[in-house]
Amino acid sequence: MPIRFRDITWPSGSRYWLLSARVPACLMTDSSGVAALADHDEGVVSVDLLIEDGKLARIEPQGNAHDDATQIDLGGRQVWPTLIDIHTHLDKGHTIERNPNVDGTFHSARLAATADRPNWTKPDLRRRMDFGLRCAYAHGVSAIRTHLDTYPETAERSWSVFREIREQWRGRIDIQAVSLCPIDILQDKFGDEVASIVARSGGLLGGVTRAALGNHGAPPANIDAMLDRLFALAGRYDLDIDLHVDETHDPTAATLPFIARAALRNGYRGRVVCGHCCSLAMQSAAEIDRTLDLLAQAEIAVVTLPTVNMYLQDRQKGRTPRWRGVTVVHEMLRRGIRVAAAGDNCRDSFYAYGDHDVVDTFRQSVRILHFDHPLGDAPALVGAMPSQIGQFEGHGRLSLRTPARLIVFNARTINEIVSRPQSDRQVIVHGEKLDAKAPEYAELWEAESVRDDAAAQVL
Ligand SMILES: [Zn+2]
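Analysis parameters
Residues numbered from 1 in each chain as written. Predicted model: local features only at pLDDT ≥ 70, side-chain atom pairs only at ≥ 80, totals over all residues. Heavy atoms only, no water. Helix = DSSP H or I, 4+ residues; strand = E, 2+ residues; numbered from the N terminus. Rg over C-alpha atoms; globule rule 2.2 N^0.38 Å. Buried < 20%, exposed > 50% of the residue type's maximum accessible area, 1.4 Å probe, protein only. Contact = heavy atoms within 4.5 Å. Lys, Arg positive; Asp, Glu negative; His and termini not counted. Charge placed at Lys NZ, Arg CZ, Asp CG, Glu CD.

## So, the overall build of the protein chain
Reasoning step 1: Across its full length, the protein chain holds 13 helices and 15 strands.
Reasoning step 2: In summary, the protein chain has a C-alpha radius of gyration of 22 Å against a globular reference of 23 Å for 459 residues, a match within 12%.
Reasoning step 3: Overall, the C-alpha framework of the protein chain stretches about 65 × 60 × 50 Å when taken along its three principal axes.
Reasoning step 4: Out of the 459 residues belonging to the protein chain, those deemed buried represent 59%.
Reasoning step 5: Of the contacts made within the protein chain by residues no fewer than 6 positions apart, 81% connect residues no fewer than 24 positions apart.
Reasoning step 6: For the protein chain, the centre of its 52 positive side-chain charges and the centre of its 61 negative side-chain charges are spaced 1 Å apart.

Printed below as a string of structure tokens:
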């Protein structure tokens, strides 16, 4: 009888072996040479892992652990590196109750977010961002990129809270931030202010390739000039770029090829990430081909947000949706374009649900994107790919001599991971068992009632 999960004695001490671990080969760097041993249908390798002083010291083919360090037999269970959420909105998260989306559409989401932004005081941002990070940490996420709404009235406030929080979380979650606003408002001197704040904060320059006050649609006539301005701002401070692109079913929304050409024109090959790119899937095969050629040439990476796309896209009251809202992920990967999957919004007007749980994002992505039969490459979407795209060294892949940040699942196969929520997963951080739990919603109820009381006193 294999050992039961509940009977495993979790590690303590500075040196121990995890025996009989099964790791998807796509989540290993090949420095150990064992990834080539993957022989299972799911592309999984059976290994023994030596943890020493909080780091991954050795990765050996199963059965090769030969020394007297403590040995913990995992009975062939899956061990993954902690994962990466490369596209989130921590500043919007957990506003759903005070700021609901009235009909679940993109249009209403945008209006609701704008209406709520005046409530984003520093304490409010700190509380909700920290809540989101604690959820992510408990679920086994160790690296996050968040977009931050960056408008004249909120830019300094949001970015200063981000810098504070990044310091507080250093060593637990590596956090990157990207500025977010419609790219037309970067045209005047506010663009210089944004680029300067981003540069001072070690962030990325971002934006959404639609006009302010509008939804995603046909590219505006001056799109080339607007993009050249964005790239010039980025170039001045040597900033990488991460954009929200064509988040609609409308096939005329085709800013993606303009972005690729602008990247090539401005010497930004390999330094641009585009999120969403939904409308590409609604264009003709010939148009898709042409755009993918450009993406490959400009070495643009794409982040797909399957849960949020399926929620927002093709939504009309009283009508059953006909498509899943996601971009052409398989076709991109076949061209050698790097693609990651991420969580995007969490309990806000753009997405009413979520828990900053990348394992949940992974499980849903497999099903929404048909990323199965076989399943072997699927974990790369939330591990190796975002690690490479975001340069999150030591996250999302098992690498020798990096901090031992692991998720141990009570599952022998990727199929078992996709089939259950994995609520009993064990997270190991710097070699130690993590006891953190996702925070209770009650914390948010209390905060909202204090906020309401304060508002009542002002009145
Ligand atoms: Zn987003």
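## Overview of helix α6 (residues 256–265)
Reasoning step 1: When α6 is considered as a whole, its buried residues turn out to be Leu256, Pro257, Ile259, Ala260, Ala262 and Ala263.
Reasoning step 2: At its buried positions, α6 is contacted by α5 (223–237), β9 (241–245), β10 (272–276) and α7 (285–298).
Reasoning step 3: Note on α6: the residue one or two positions beyond its end, glycine 267, has a positive phi of about 70 degrees.

## A look at unusual backbone geometry
Reasoning step 1: In this chain, histidine 373 is followed by proline 374 through a cis amide linkage whose omega measures 5 degrees.
Reasoning step 2: Mapping proline 374 onto the fold places it in the loop between α10 (358–368) and α11 (384–389).
Reasoning step 3: Phi at aspartate 238 is positive, roughly 60 degrees, even though this residue is not glycine.
Reasoning step 4: Along the chain, the position of aspartate 238 falls in the loop between α5 and β9.
Reasoning step 5: The class of aspartate 238 is exposed, set by a relative accessible area of 55%.
Reasoning step 6: One non-glycine residue, histidine 276, adopts positive backbone phi at about 75 degrees.
Reasoning step 7: Classification of histidine 276 as buried rests on a relative accessible area of 1%.

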